[in-house]
Amino acid sequence: MATCGEWNLLRTLGSGAYSEVKLARNKTSGDLCALKIMKKDMGYDGGMDDIVKNEVEIMKNLSHPNIINLIDFSDTEQYKQANGASEDVFYLALELANGGELFDFIAQTGKFSEEVARFYFHQLCDAFEYLHGNGISHRDMKPENIMLDNEFNLKLADFGFSSNQAKNESRKGTDNYMAPEIHLGQKYSGQCVDLFAAGIILFIMVAQHPPFNKASPKDPHYKTISANRPDLFWKLHSRNKPGGLEFFSPEFRELISSMLSFDPVHRPSLAEVRSSAWYTATVPSYDEVKEEFNQRKAALDESSAQEDQPFPTEEVDPSVFTRRTVHRGVGGELEDATKLPSLERNCVEYVPEFKRYTQFFSKSDLESLFNTLALFADKVTTEFEFSPEEYSSTLNILQEEKMVSMTVNILDAGDDTYCVEAVKNNGDRFVFNDVYNKMKQFFGGHANASEPASE
Ligand code: ADP
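Residues numbered from 1 in each chain as written. Predicted model: local features only at pLDDT ≥ 70, side-chain atom pairs only at ≥ 80, totals over all residues. Heavy atoms only, no water.

## A word on the overall build of the protein
The helix and strand inventory of the protein stands at 12 helices and 16 strands. Compactness check: the protein gives a C-alpha radius of gyration of 23 Å against a globular reference of 23 Å for 455 residues, within 12% of the reference. Burial statistics for the protein: of 455 residues in total, 54% are counted as buried. Here the analysis covers contacts within the protein between residues at least 6 apart in sequence; of these, 64% occur between residues at least 24 apart. For the protein, the accessible surface area stands at approximately 20400 Å², while carbon and sulfur atoms represent 47% of it. (Helix = DSSP H or I, 4+ residues; strand = E, 2+ residues; numbered from the N terminus. Rg over C-alpha atoms; globule rule 2.2 N^0.38 Å. Buried < 20%, exposed > 50% of the residue type's maximum accessible area, 1.4 Å probe, protein only. Contact = heavy atoms within 4.5 Å. Areas by Shrake-Rupley, 256 points an atom, 1.4 Å probe, with all protein chains shown as cover.)

So this is what it looks like as structure tokens:
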């Protein structure tokens, strides 16, 4: 098993621009964490050091129930892989957000009512009040960085770009969630751009899609806001909504329009957001939210099993399975590697303490599942690559001119059951969820089981 210092590495949870995040178990205490590992020799001319130091310096002074806690940090350990290879790394041991990403939950179980959105928006603003009160801005607010623990509480993650400066200049963040002043290359307030992104996130919670692609006057949706015509913005967005304009409450429309204003001077401060009519309206209790979420989760588990669907039965070109090669999907030619022996793969163990919403279970045999994954990759992706060591494949998909990279793992969940999980590496969050849904559908009758009960 791969290890890093005091931690056994169980499997990959995700990867970011500079890091790989592993599910890890402490060798002594047995506690789980998310171990964020960054290789030292990535050729960043010392810049990498600065990014890690910044993340550690900021995180080690933070302690808040809605912010991922830094458990431990090291810059002297080695990442030892199962095959014996090792390399020097930095690592951050982070509190595990074992409930997955909030937005996978929304994408898989449906949008939130304004009341439930308010419950989470309050938690997000609590985290901001604490952060901003300590002079820190996050600067990479986006759905991927909002996670849940297994009690359905919001946890803000990824402080790689955070800043303790009042004014910032560098272009940090993710295009779709950046405030207009960053696009314009102006000096900006980190706290102000955090709140702008929070407005986008709140909109997504209720609408299940983003309000615009980019906060630029050229964007067909954002130009209505930058031209100070919020009425047109809401008209556009309520076109296909049940109830039309009434789908969004007037208080919600007012808050969102002001939070997304083009000129930062016209946006409300955090205190003003917190005293707005929408924010101060009724909030469901924690027990009510938990009850609703458990019901949504149960309905999702039920809908995942599709016993009446036929299996895909075609054979796959065996070259897919033989070595680490990038293959081209959708009609592309597979490389001729048929003469190479197939590899001994290890089926990684499912860890029931960690769940995500983009996973389903199957009682089919491992090879049939793997074969189906290869068929799906061949039919749907732009390119794909199978891991030579594990039952895992990385798929790159271009859809609606947006690229997404995702890893699909088949895990041994015990009791002759396998878990098929999709993990987004990078690219568009909405395309990712769409591809996951297509994949689940494609597996047909292989998606035939529920999670085995853990002892
Ligand atoms: P980067 O800073 O390199 O972009 P991130 O911190 O965003 O890396 O982590 C990459 C992915 O790893 C996330 O999208 C998420 O899926 C997973 N991840 C990160 N932190 C945690 C955590 N505390 N608990 C569970 N999963 C995590």
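## As for the pattern of salt bridges
Once their charged atoms are close, side chains differing in charge can pair, the charge on each being opposite to the other. All told, the structure shown has 23 salt bridges when counted by the stated rule. A salt bridge links Arg-11 to Glu-421; the nearest nitrogen and oxygen atoms lie 2.8 Å apart. Taken together, the positions of Arg-11 in strand S2 (residues 7–15) and Glu-421 in strand S16 (residues 418–427) put the pair 410 residues apart, joining distant regions of the chain. Its salt-bridge partner being Lys-36, residue Asp-158 comes within 3.3 Å of it at the nearest N-O pair. With Asp-158 in the loop between strand S8 (154–156) and strand S9 (167–168) and Lys-36 in strand S4 (residues 32–39), this pair connects stretches of sequence that are 122 residues apart. You can call Lys-36 buried: its relative accessible area is 9%. Salt bridges here are not isolated pairs; linked through shared partners, they connect Glu-101, Asp-104, Glu-144, Lys-424 and Arg-429. (Salt bridge = Lys/Arg side-chain N within 4 Å of Asp/Glu carboxyl O.)

## Brief notes about the packing of aromatic side chains
With the rule as written, the count across this model stands at 28 aromatic pairs. Where Phe-360 meets Phe-443, the ring centres are 5.4 Å apart and the plane angle is 65 degrees; that geometry is what we call edge-to-face. In this pair, Phe-360 is assigned in strand S12 (residues 359–362) and Phe-443 in the segment after helix H12 (429–442), connecting sequence segments 83 residues apart. An identical accessibility class is assigned to Phe-360 and Phe-443; each is buried. Judged by centre distance (6.0 Å) and plane angle (85 degrees), the rings of Phe-384 and Phe-386 are edge-to-face. Taken individually, Phe-384 and Phe-386 each receive the classification buried, so the pair is uniform in this respect. Following the ring pairs from residue to residue traces out a cluster consisting of Phe-121, Phe-203, Phe-233, Trp-234, Phe-247, Phe-248, Phe-252, Trp-278 and Tyr-279. For the cation-ring pair, Lys-241 lies above Phe-247, with the distance from its terminal atom to the ring centre recorded as 5.7 Å. (Phe/Tyr/Trp six-rings, centres within 6.5 Å; stacked < 30°, edge-to-face > 60°. Lys NZ or Arg CZ within 6 Å of the ring centre and 35° of its normal.)

## Overview of the site of the ligand
Looking at the ligand, there are 18 residues lining it, with Ser-19, Lys-36, Glu-95, Ala-97 and Asp-158 nearest. In the model, an oxygen atom of the ligand is placed 2.7 Å from a nitrogen or oxygen of the Ser-19 side chain. The separation between a nitrogen atom of the ligand and a polar main-chain atom of Ala-97 is 3.0 Å. Relative to its unbound accessible surface of 550 Å², the ligand loses 90% to contact with the protein. Only S2 and S4 provide two or more residues apiece to the shell around the ligand. For the shell around the ligand, the element with the highest residue contribution is S2, accounting for 3 residues. Here the residues of the shell around the ligand sort into 9 nonpolar, 5 polar and 4 charged. (Near = heavy atom within 4 Å. Polar contact = N/O pair within 3.5 Å; in protein donor to acceptor, adjacent residues only side chain to side chain. Nonpolar A, V, L, I, M, F, W, Y, C, P; charged D, E, K, R; others polar.)

## Observations regarding the domain arrangement of the protein
The assigned domain composition of the protein is domain 1 (3–94), domain 2 (102–289) and domain 3 (305–446). Placing a centre on the C-alpha atoms of domain 2 and another on those of domain 3 gives a separation of 33 Å. Tallying the contact residues gives 15 residues for domain 2 and 12 residues for domain 3. Between domain 2 and domain 3, roughly 1000 Å² of surface is buried when both sides are summed, and carbon and sulfur atoms account for 53% of that area. Counting across the interface, domain 2 meets domain 3 through 3 salt bridges. Taken together, domain 2 and domain 3 are joined by 4 residue pairs in polar contact (both at pLDDT 80 or more). (Domains from an automatic or database assignment. Buried area = accessible area lost by both parts, 1.4 Å probe.)

## Topic: the environment of Asn-54
Here Asn-54 is to be found in helix H1 (residues 47–59). For Asn-54, the contacting residues outside a window of four places in its chain are Phe-159, Gly-160, Phe-161 and Ser-162.

## Focus: the pairing of strand S6 (residues 86–94)
Within S6, 7 of the 9 residues are buried, which leaves the element mostly enclosed by the surrounding structure. Bridging between S4 and S6 involves 6 bridges; their strand directions are antiparallel. Paired with Lys-39 across the two strands is Val-89, which belongs to S6. Two strands pair when backbone bridges link them, and strand S5 (residues 70–80) and S6 are joined in this way by 8 bridges, in the antiparallel orientation. Its bridge partner lying in S6, Ser-74 is registered against Tyr-91. Connecting the antiparallel pair S5 and S6 is a turn made up of 5 residues, with Gly-84 showing a positive phi of about 95 degrees. (Pairing = 2+ DSSP bridges.)

## Quick look at the nonpolar core
Phe-112, Tyr-120, Phe-121, Leu-124, Leu-156, Met-205 and Phe-293 are the most contacted members of the largest nonpolar core, which totals 86 residues. The element that contributes the greatest number of residues to this core is helix H5 (residues 190–207), accounting for 13 residues. Apart from residues no more than four positions distant in its own chain, Phe-112 is found in contact with Leu-102, Phe-105, Ile-106, Ala-117, Tyr-120, Met-205, Val-206, Phe-293 and Arg-296. In this structure, Phe-384, Ile-410, Tyr-418 and Ala-422 belong to the second largest nonpolar core, which totals 30 residues. (Core = buried A, V, L, I, M, F, W, Y, C linked by side-chain atoms within 4.5 Å.)

## Things to note about the UniProt feature "active site" (unreviewed entry) in the protein
Under the local residue numbering, the UniProt record ascribes the feature "active site" (unreviewed entry) to Asp-140. Relative to the helices and strands, Asp-140 is located in the loop between helix H3 (114–133) and strand S7 (146–148). With relative accessibility at 5%, the residue Asp-140 sits in the buried group. Aside from chain neighbours lying at most four places away, what touches Asp-140 is Asn-145, Asp-158, Phe-161, Gly-173 and Thr-174. (UniProt positions renumbered as here; feature names shortened; annotations may be inferred.)

## Here's the deal with the pairing of strand S15 (residues 402–412)
Working note: regular strand, side chains alternate between the two faces of the sheet. Of all 11 residues that make up S15, 8 are buried, and the element is covered over most of its length. Where strand S14 (residues 392–399) meets S15, 8 bridges bridge the pair, whose relative direction is antiparallel. In the sheet register, Ser-392 faces S15, and the bridge partner there is Asn-409. Two successive antiparallel strands, S14 and S15, enclose a turn made up of 2 residues, where Glu-400 displays a positive phi of approximately 45 degrees. Judged from the 9 bridges that link them, S15 and S16 form a sheet pairing that is antiparallel. Looking at S16, one finds that Val-408 is bridged to Ala-422. Adjacent in sequence and paired antiparallel, S15 and S16 are bridged by 5 residues, among which Gly-414 carries a positive phi angle near 80 degrees.

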